[in-house]
Amino acid sequence: MLRLEARAQPSKLMSLLSPLLALVLTALLAAALFAAQGKDPARGLAIFFVEPWSNLRQVSELLLKATPLITIALGLAVCYRSDVWNIGAEGQFLLGVLAGGGVALWLTTQGIVLPRALALPLVLAGAVLGGMAWAALTALLRDRFNASEILVSLMLVYVAQQLVNYMVFGPWKDPAGFNFPQTKNFDASTWLPNLLPGTRLHIGLAIALALAALVWVFLFRLFRGYQLQVGGLAPAAARYAGFSARSSLWTALLISGALAGLAGGMEAIGSFRQITPHVSTGLGFTAIIVCFVGRLHPLGIVFAGLLLSMMVIGGELGQSRLSLPNALSGVFQGLLLVLLLACDTLIHYRIRIRSALAAAR
Amino acid sequence: MAAAPRLELVGISKQYPAVRANDQVALKVLPGEIHAVLGENGAGKSTLMKIIYGAVRPDEGQMHWDGAKVEIKNPQQARALGISMVFQHFSLFDTLSAAENVWLGLDKKLSLAEVVQRIAKVSKGYGLEVDPLRPVHSLSVGERQRVEIVRALLTDPKLLILDEPTSVLTPQAVLELFDTLRQLAAGGCSILYISHKLDEIRALCSHCTVLRGGKVTGVVDPRTQSNAELSRLMIGAEPPRLQHLKARAGEVVLAVQALSCPKLDQFGTTLESIDFEVRAGEIVGMAGVSGNGQQELMAVLSGEDRRAPSGSVRLFGQDIARQSPRRRRRAGLHFVPEERLGRGAVPQMSLARNTLLTRTEAVGAAGWMHMRGVELLAARLIERFDVRCGGTGAAARSLSGGNLQKFIVGREIDAQPKLLIVSQPTWGVDVGAAALIRGELLKLRDAGCALLVVSEELDELFEIADRLIVIARGRLSPPIARRDASVERLGEWMSGLWPQPAAGAAAAAAAAVAAEATIGARHAQA
């Protein structure tokens, strides 16, 4: 019989090293998986871990992909630190795509050409509101009916996906698009400005990094952020102090909905410049991993965002170079999260083995 | 030669990090004897029972069973010897029937049908009426306890341990239970009966071991002892009257009027028409056995529970019954809860950040936390209240219980409250720190603050309080000046027997009986 026994004093060093340890273990298992697939493990690892950094174009793609991951994960960190388990960032992201993209599409179809300084805030504000509205549904159901936010937010993801499908297959379908399920291309006045000439990298990255700083300030320098975290760590202490649990729930969900929505809006007008059913490849779910690998800390999330972005791109490269299945990237992401949680568990607990006989006696 | 004792404990000691729960405890129970273990909450009764039942290992000491030395490593082994325990909190599955619950705890040799038959037989034999087929959730608390006892009896115990069994029973049910226990004892089964209720022990038991602070303070025949004598063994000698400045009670600071509040769950206590006031410059001490409504009353006063009828709680004449804890704090009401970790402090956060729970001086405009101010406050508290810790950055959970208590009490005292409510100010705190905390509370009183101190330690209340009130079953006794109070008197009051006002005395007595009949309270043994 296995028993987990709490360690008196979990090692601080190991807690910090745990993501690294999980990464090394993931790489080892990845190598084994490559070998099992009959591929050269060294080459496989190189494609996943080295290739994405090999040249400017790859790095810019990596940063491009990291942008929404970091943005969403920052909001999730606020949620998780408040003990609010928003699993539906993907849905809030999609609503950001729809709302932000919707504004851009409306400007385009109406032929309104605004200066960028006006158009971009308009589009992004729409995206933020869209994400917040979707998260507010979860908050409302939890607040009014005590519904589990985990289930509600997750199920709302599927609703959001159907909503996107409906719009692009229906009302918003580009009449000149050969019946493809996609909208018109947005007018150039609504595009996010480029950050690095010759690449697709846009200023979303700068926005994400600025947001990381803001979230840090919110969490560690503002009383509101402190209140949320007290509620997350010790609900009875929050009640004793007089911090409202309801207001924490709403604040946490609205912040994370806003950031997920913003990420969606930036993807819509930054990378795609139209809405298609494929605007998200599960970024909202990958961001959960980013959030945990980043230790729910803004700085950690920036690094974890780069790491997970690398694995996503590595997966794409592996598909084209080694004809590995695309699912492999998802497998690695999952492995990383599970191994991280396992490492954390073993840092906080030790395993005691007792024979069934001794237990029975 | 007399028969060997059924159970004999010699020199049992158990040290927990903060407290020595058992210190050289000896206990001897003969076959067929009903033996009481008497002591206040925290005296070490539960630890001792857990040691006998194998749930806790003692640090030192020996155990003899029927004359042979034994070492009980776990409850399975205890059951194999013939030790059965009926716990204070029931461990039944609501959705299963009584018989299925009993079946779960037995050897799997028997079929469910056989178990049903045996339950019927045992319950008839001992007058413990139980319908084996009814689901547990449909049973009353008394019936549930019968199921627990029947479950214990089916194993043919040689020693039956009952932990505060009457806390959930009506008076009639208590008498029935006593009949059953006497019948059992007559059949040779030894019974260990844990309680702090003197009358019950006198009615039932022939021997009584009294514990105080983990030590045995006496082994007596309770039938020949007065309540006063037993109280003194249990609580300690009546404390010396301490010299402190004459109270100069000023204006009424806290006025509680006709406060009633239904319990939140089946283990809670309903507060019933509570009336009292606390004046500036006095300490009102609230005595009572834990689980009699203290927790509920504190939550209402602190603002953690805002269901109190409006107007029932007033601070300086202002109705605060529905105000949030932060509003109350701004009006000068500070509160120290009895749970330090998780309520009085966030375990994972630093001491500095923990000051922010109730002290927001360093929070500026727009909610910006000036961390320097926060650190300075924490450093000041650590110095003033002699908190031993690793600095302002130390996590609250890294402190010992006593040091964290000094920090939390200090945090609230340092806020210069106009009304300070303290729950168990010195629980688990060493003697020196307790003196420091009590001294600070007295200083605060002399500075004109109103104080309400809730404690289970009568000694402590006698030492610092100017007036005393007793809470029992969610009701409050009239106040009594400290000089008029005695341990015996308060002990009686703690079981709900205080003089009723002449008018409507009969109605109040009827209400008390009704309250007892419906009581589902957990007379918690911490």
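Residues numbered from 1 in each chain as written. Chains lettered and ligands numbered in written order. Predicted model: local features only at pLDDT ≥ 70, side-chain atom pairs only at ≥ 80, totals over all residues.

1. Here we look at the overall build of chain A
1) Next: Looking only at helices and strands, one finds 14 helices and two strands in chain A.
2) Next: Taken over the C-alpha trace, chain A has a radius of gyration of 22 Å; the compact-globule value for 361 residues is 21 Å, and the two agree within 12%.
3) Next: Once the C-alpha set of chain A is aligned to its principal axes, its extents read approximately 80 × 60 × 35 Å.
4) Next: Expressed as a percentage of its 361 residues, the buried residues of chain A come to 47%.
5) Next: A separation threshold of at least 6 residues defines the contact pool for chain A, and within that pool the share at least 24 residues apart is 78%. (Helix = DSSP H or I, 4+ residues; strand = E, 2+ residues; numbered from the N terminus. Rg over C-alpha atoms; globule rule 2.2 N^0.38 Å. Buried ≥ 20, exposed ≤ 12 C-beta atoms within 10 Å, placed from the backbone. Contact = placed C-beta atoms within 7 Å.)

2. Observations regarding the interface of chain B and chain A
1) Next: Across the boundary between the two partners, chain B contributes 24 residues, which contact 16 residues of chain A.
2) Next: Residue assignment for the side of chain B that touches chain A shows that the elements contributing at least two residues are α2 (75-81) and α10 (325-330) of chain B.
3) Next: Tallied by class, residues from the side of chain B that touches chain A come to eleven nonpolar, ten polar and three charged. (Nonpolar A, V, L, I, M, F, W, Y, C, P; charged D, E, K, R; others polar.)

3. Points about the nonpolar core
1) Next: Residues Ile161, Ile191, Leu419, Leu451 and Val453 of chain B are the most contacted members of the largest nonpolar core, which totals 155 residues.
2) Next: In this structure isoleucine 191 of chain B touches Ile34, His35, Leu160, Leu162, Leu181, Leu184 and Ala185 of chain B, once residues within four positions along its chain are discounted.
3) Next: Grouped together as the second largest cluster of nonpolar side chains are 99 residues, Leu192, Ala263, Leu283 and Cys291 of chain A included. (Core = buried A, V, L, I, M, F, W, Y, C linked by C-beta atoms within 7 Å.)

4. Topic: unusual backbone geometry
Residues and elements named next belong to chain B.
1) Next: Look at glutamine 24: it is not a glycine, yet its phi comes out positive at around 50°.
2) Next: Along the polypeptide, glutamine 24 turns up in strand β2 (residues 20-29).
3) Next: You will see that serine 273, though not glycine, has its phi angle at about 30°, which is positive.
4) Next: The residue serine 273 is located in strand β12 (residues 271-279) in this model.

5. A closer look at helix α9 (residues 294-302) of chain B
Residues and elements named next belong to chain B.
1) Next: Within α9, nine of the nine residues are buried, which leaves it mostly tucked inside the rest of the structure.
2) Next: Residues of α9 that are buried include every one of Gln294, Gln295, Glu296, Leu297, Met298, Ala299, Val300, Leu301 and Ser302, and no others.
3) Next: Phi for glycine 303, located one or two positions after α9, is positive at around 100°.

6. Overview of the confidence of the model for chain B
Residue and element names in this part refer to chain B.
1) Next: For chain B, mean pLDDT is 84; residues scoring 70 or higher make up 87% of the total.
2) Next: Here helix α17 (residues 505-518) stands out as the least confident element of chain B, with mean pLDDT 47; strand β16 (residues 333-336) is the most confident, with 97.
3) Next: Taken as a whole, residues 238-242 scores under 50 in pLDDT and shows six contacts with residues more than four places along the chain or in a different chain.
4) Next: Long-range and interchain partners of residues 513-526, a stretch whose pLDDT sits below 50, account for 34 contacts in this model, where long-range means more than four residues apart. (pLDDT = per-residue confidence, 0-100.)

7. A word on helix α11 (residues 283-293) of chain A
All names here are of chain A.
1) Next: Taken across its eleven residues, α11 has eleven buried, putting it largely inside the fold.
2) Next: Close packing links the buried residues of α11 with α1 (12-36), α3 (56-81), α4 (89-110), α10 (245-272), α12 (298-322) and α13 (327-348).
3) Next: In the segment just after α11, arginine 295 is the residue with positive phi, at about 60°.

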